Amino acid sequence: MVVLAGPAPGEVLAAVGRSMNVTLYRPERSPGQEDDGLSAAAEALQRAGRASSPYALVPADPLAALAASWREMWDVSRQEGSAAFELEAVKALAAWRAGRFELPDYYLVLAREDTGGPDFYLGPLRSARAHRVVLVPEQEPGQQAAGMLHALGSLRHGPWWPGLDEVIETARRFYPDSLAEGTATGPPPATPEAGRVRAG
């Protein structure tokens, strides 16, 4: 079971969906369903979990709102702090603990190689289990579809995810500039407020 993180053009999904080894599970929204997409993504993951095809692909993520709020938390121009991230963390943890979703086997991150800022998937999530998060660079649709199929065929086995609570704790303490620095010197700041001088 693989989640696509990032905007996937319709022609890319159509091209990948034509592969005999791939079944696409799009989220379905019901009237009155919450707007953050968590329920729709969780339901799509549940359907994908019953798939018999080699690769069940879900272009939706229950952690999407959490990922967006983490990125915004590190936007020093907005200076909004971590309140929105903590709110999304509570929602995601409640749904996960209630058994509404499990983390997928893998994430394919559809993005530019230079994402232009902190990225939850390529930062704290990949630091939790590097082999379970794969970047598929943004390209023209035909090349991106081919890149996704190549990535699916190259996925590596390894340890399963830690609990979502541990992933979120990693995100709280993850310093985005450590991606560029290779290894951060000293302990990372636990909040954006603590790291604004270095991040600016």
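Residues numbered from 1 in each chain as written. Predicted model: local features only at pLDDT ≥ 70, side-chain atom pairs only at ≥ 80, totals over all residues. Heavy atoms only, no water.

Caption draft 1: Expanded view of the overall build of the chain. Tallying secondary structure elements over the chain gives nine helices and five strands in all. The order of helices and strands in the chain, counted from the N terminus, is β-α-β-α-β-α-α-β-α-β-α-α-α-α. Long-range pairs, those at least 24 residues apart, make up 73% of the contacts in the chain with a sequence separation of at least 6. Of the roughly 10000 Å² of accessible surface on the chain, 51% is carried by carbon and sulfur atoms. (Helix = DSSP H or I, 4+ residues; strand = E, 2+ residues; numbered from the N terminus. Contact = heavy atoms within 4.5 Å. Areas by Shrake-Rupley, 256 points an atom, 1.4 Å probe, with all protein chains shown as cover.)

Caption draft 2: Quick peek at the sheet that holds strand S2 (residues 22–24). Reading across from one edge, S2-S3-S1-S4-S5 is the order of the five strands in this open sheet, with parallel pairing throughout. Every interior strand has two partners, whereas the edge strands, S2 and strand S5 (133–137), have only one. For this sheet, the mean inter-axis angle between neighbouring strands, taken without regard to orientation, is 25°. Here strand S4 (residues 106–111) pairs with S5 via five bridges, running parallel. If you follow Ala 111 over to S5, its bridge partner there is Pro 137. (Pairing = 2+ DSSP bridges. Axes fitted to C-alpha atoms, helices over the stretch in contact; angles between N-to-C directions.)

Caption draft 3: Inspection of the nonpolar core at higher detail. The biggest cluster of nonpolar side chains holds 42 residues, and the ones touching the most others in it are Leu 63, Tyr 107, Phe 120 and Leu 164. Those elements that place two or more of their residues in this core are strand S1 (2–5), helix H2 (38–48), strand S3 (55–58), helix H3 (64–73), helix H4 (83–97), S4, helix H5 (121–128) and helix H7 (164–173). Residues in contact with Phe 120, not counting those within four places in the same chain, are Leu 63, Leu 66, Ala 67, Trp 70, Leu 125, Val 167 and Ala 171. Val 2, Leu 57, Ala 145 and Leu 152 belong to the second-largest nonpolar core, a separate cluster that totals 16 residues. (Core = buried A, V, L, I, M, F, W, Y, C linked by side-chain atoms within 4.5 Å. Buried < 20%, exposed > 50% of the residue type's maximum accessible area, 1.4 Å probe, protein only.)

Caption draft 4: Region of interest: the pairing of S1. Of the two faces of S1, both are covered, the one formed by Val 2 and Leu 4 as well as the one formed by Val 3 and Ala 5. Across four bridges, S1 lies against S4 in parallel orientation. Each residue of the ladder has a partner; that of Leu 4, found in S4, is Leu 108.

Caption draft 5: Inspection of the pairing of S3 at higher detail. Bridge analysis of S1 against S3 gives two bridges, and the strand direction is parallel. Bridging across to S3, Val 2 finds its partner in Leu 57. As judged from the three bridges shared by S2 and S3, these two strands associate in the parallel manner. Across the sheet, Val 22 pairs through a bridge with Tyr 55, a residue of S3.

Caption draft 6: Representation of the pattern of salt bridges within the structure. Tallied over the entire structure, the rule returns six salt bridges. Put simply, Arg 47 and Glu 43 hold a salt bridge, and the shortest N to O gap is 2.8 Å. Residue Arg 47 and its partner Glu 43 are located together in helix H2, separated by four residues, close to a single helical turn. A salt bridge links Glu 169 to Arg 173; the nearest nitrogen and oxygen atoms lie 2.8 Å apart. Placement of the pair is Glu 169 and Arg 173 together in helix H7, with a separation of four residues, close to one helical turn. What makes Glu 169 partly exposed here is its relative accessible area of 29%. Through salt bridges with shared partners, one network takes in Glu 86, Glu 169, Arg 172 and Arg 173. (Salt bridge = Lys/Arg side-chain N within 4 Å of Asp/Glu carboxyl O.)

Caption draft 7: Spatial organisation of the environment of Arg 47. Taking the relative accessible area as the measure of exposure, Arg 47 reaches 18% and is therefore buried. Separated by 22 residues in the primary sequence, Arg 47 and Tyr 25 have C-alpha atoms spaced 7.2 Å apart. Once you skip the residues sitting within four places of it in the chain, Arg 47 turns out to touch Tyr 25, Arg 26, Pro 27 and Glu 28.

Spatial relationships are all this shows, so hold off on functional conclusions.
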